[in-house]
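A structural walkthrough
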Amino acid sequence: MSNHLSDRIKNMSTSATLAMAAKARELRSEGKDIIGLSLGEPDFNIPDFIKDAAKNAIDENYSSYTPVDGYAELKTAISNKFKRDNGLDYGLNQIVVSTGAKQSLFNVAMVVLNPGDEVILPAPYWVSYSDIVKLAEGIPVEVHTQIDTDFKMTPAQLEAAITPKTKMIWFSSPCNPSGSVYSKSELEGLAEVLKKHPNIYVVSDEIYEHINFAGGHVSIASIDGMYDKTITVNGVSKAFAMTGWRIGYIGAPEWIAKGCTKLQGQVTSGANAIAQRAVITALEAPVSKIQYMIDKFHERRDLVLGLLGEIEGFNLNVPEGAFYVFPDISAFFGKTLNGVTINNASDFSLYLLEHANVATVTGEAFGNPNCIRISYAASEKELKEAIARIKSVL
Ligand code: PMP
Ligand code: GLU
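Residues numbered from 1 in each chain as written. Chains lettered and ligands numbered in written order. Predicted model: local features only at pLDDT ≥ 70, side-chain atom pairs only at ≥ 80, totals over all residues. Heavy atoms only, no water.

1. Considerations on the overall build of the protein
Within the protein, the regular secondary structure consists of 13 helices and 14 strands. For 394 residues, the compact-globule estimate of 2.2 N^0.38 gives 21 Å, and the protein sits close to it at 21 Å. For the C-alpha atoms alone, the extent of the protein along its principal axes is close to 60 × 55 × 50 Å. Of all 394 residues assigned to the protein, the portion counted as buried reaches 55%. Contacts in the protein between residues at least 24 apart in sequence constitute 74% of all its contacts with a sequence separation of at least 6. For the protein, the accessible surface area stands at approximately 16400 Å², while carbon and sulfur atoms represent 50% of it. Of the charged side chains in the protein, 36 are positive and 45 negative, and the gap between their average positions amounts to 3 Å. (Helix = DSSP H or I, 4+ residues; strand = E, 2+ residues; numbered from the N terminus. Rg over C-alpha atoms; globule rule 2.2 N^0.38 Å. Buried < 20%, exposed > 50% of the residue type's maximum accessible area, 1.4 Å probe, protein only. Contact = heavy atoms within 4.5 Å. Areas by Shrake-Rupley, 256 points an atom, 1.4 Å probe, with all protein chains shown as cover. Lys, Arg positive; Asp, Glu negative; His and termini not counted. Charge placed at Lys NZ, Arg CZ, Asp CG, Glu CD.)

What follows is the structure in structure tokens.
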């Protein structure tokens, strides 16, 4: 019966990050000692002050359907956060709370794209962007960037990718999977190009905003001329270790926010009541409350870069944010290791899973077939052990 599936679903890829995490879970249940470095998920517990807010919300009976676009108190907290951290002024009518930033991205695609509209994706890009764009019948247009320029798209590359059909550009900074952070002047360079194209909109995915070791996160919407063209996407999964609580949000031009609310009202309704109440507390807290997690990620980044740097064939840059390294491992292509021929990054990632019991994600899922993504959102002990195993099977 599976051939009765809609073409939409048949043509869609399964999320490679979630698929690898599921595979690692399955192997673990068979008794294998798998170290999972595939999923981008903080390994910290949710801070207690946020948990307490959720417990209070239950006791205070926040149990009814929520407003489709989010509680006004949460939208006020988001508006204040945008002002405090990003210098952005979004009124409550410009903010929509969703069930994770993933839903925010899906909403925006459905609301802005018409069939055949092109969306520029600087590659490597986060795994779900291309399938979300395709679900909205848009056409992803990859712009390939290189490790020696820290995987960042230049204004000239952007200009060259624009066609009369270009409707949007989607990018994340700090970037999943490369960890790259665009500086203010780099964003200004891209903005110069975009200002010449009044019909092109930008999705700026800032979910890793706080996990930034270089300091000074800049939102492209804050750059002159960009506010009315930008949808700023954010959420609490990464900074507050709240992946399972499923809250994301956008700040956007009002017509886009209204469209997202209309869509959400027919699909999921408002996001979870308890989680929304807890997020008010999370966003009102000073960033210093979560600094310990950011510091730990920074230490682990240095640890991982040091250890991977000792493995011949790993070409690394220094990611300035998020919690991933994205080494170029193409030096192994064409080689045979323990009887397995490595032809591409997917073979390499599978080889690490089967021979080193370490789960990573192939760069192919992110639009770069020469790299693999390693998440260092894991304990130091696991990271050391995983990299020792990788070294020994190479
Ligand atoms: N954007 C990026 C770049 C991400 O890494 C993630 C992680 N899943 C998301 C969006 C979606 O986050 P959420 O958990 O809020 O849906
Ligand atoms: N963003 C994380 C990742 O890239 C979580 C998995 C997902 O939502 O796809 O691994």
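2. Structural notes on the pairing of strand 7 (residues 230-235)
On any regular strand, side chains alternate: one points to one face of the sheet, the next to the other face. By the criterion of burial, strand 7 is predominantly enclosed, with six of the six residues buried. Side chains of strand 7 alternate between two faces, with Thr 230, Thr 232 and Asn 234 and Ile 231, Val 233 and Gly 235 buried alike. In this structure, strand 7 lies alongside strand 8 (residues 248-251), joined through four bridges in antiparallel fashion. In the strand pairing of strand 8, Gly 235 is matched with Gly 248. (Pairing = 2+ DSSP bridges.)

3. A closer look at the nonpolar core
Membership of the largest hydrophobic core comes to 109 residues, with the highest contact counts inside it found for Met 168, Trp 170, Ile 231, Phe 240, Leu 283, Phe 297 and Phe 314. With seven residues, the single largest contributor to this core is helix 10 (residues 273-284). Leaving out residues up to four positions away in the same chain, Phe 297 has contacts with Pro 42, Asp 43, Phe 44, Ile 211, Phe 213, Phe 323, Tyr 376 and Ala 377. Core analysis: the next-biggest nonpolar cluster, separate from the first, contains 20 residues, Ile 169, Tyr 182, Val 202 and Ile 220 among them. (Core = buried A, V, L, I, M, F, W, Y, C linked by side-chain atoms within 4.5 Å.)

4. A few points about the packing of helix 5 (residues 101-112) against helix 9 (residues 254-267)
At their nearest, the axes of helix 5 and helix 9 sit 9 Å apart, and the two run at 105 degrees to each other. Comparing their axes, helix 9 and helix 5 come out roughly perpendicular. Contacts from Gln 103, Asn 107, Val 108, Met 110, Val 111 and Val 112 in helix 5 reach Ile 256, Gly 259, Cys 260, Leu 263 and Gln 264 in helix 9. Here the residues of the contact of helix 5 with helix 9 sort into seven nonpolar, four polar and no charged. (Axes fitted to C-alpha atoms, helices over the stretch in contact; angles between N-to-C directions. Parallel < 35°, antiparallel > 145°, perpendicular 65-115°, else oblique. Nonpolar A, V, L, I, M, F, W, Y, C, P; charged D, E, K, R; others polar.)

5. Quick word on the sheet that holds strand 14 (residues 372-375)
Reading across from one edge, 9-14-13 is the order of the three strands in this open sheet, with antiparallel pairing throughout. For this open sheet the edge positions go to strand 9 (324-325) and strand 13 (361-362), each flanked by a neighbour on one side alone. By the bridge criterion, two bridges tie strand 13 to strand 14 in an arrangement that is antiparallel. Across the sheet, residue Thr 362 finds its bridge partner in strand 14, namely Ile 372.

6. Details of the state of the cysteines
All told, the structure shown has zero disulfides when counted by the stated rule. Among the cysteines around Cys 175, which has no disulfide bond, Cys 371 carries the closest sulfur, lying 11 Å off. You can call Cys 175 buried: its relative accessible area is 6%. (Disulfide = S-S within 2.5 Å.)

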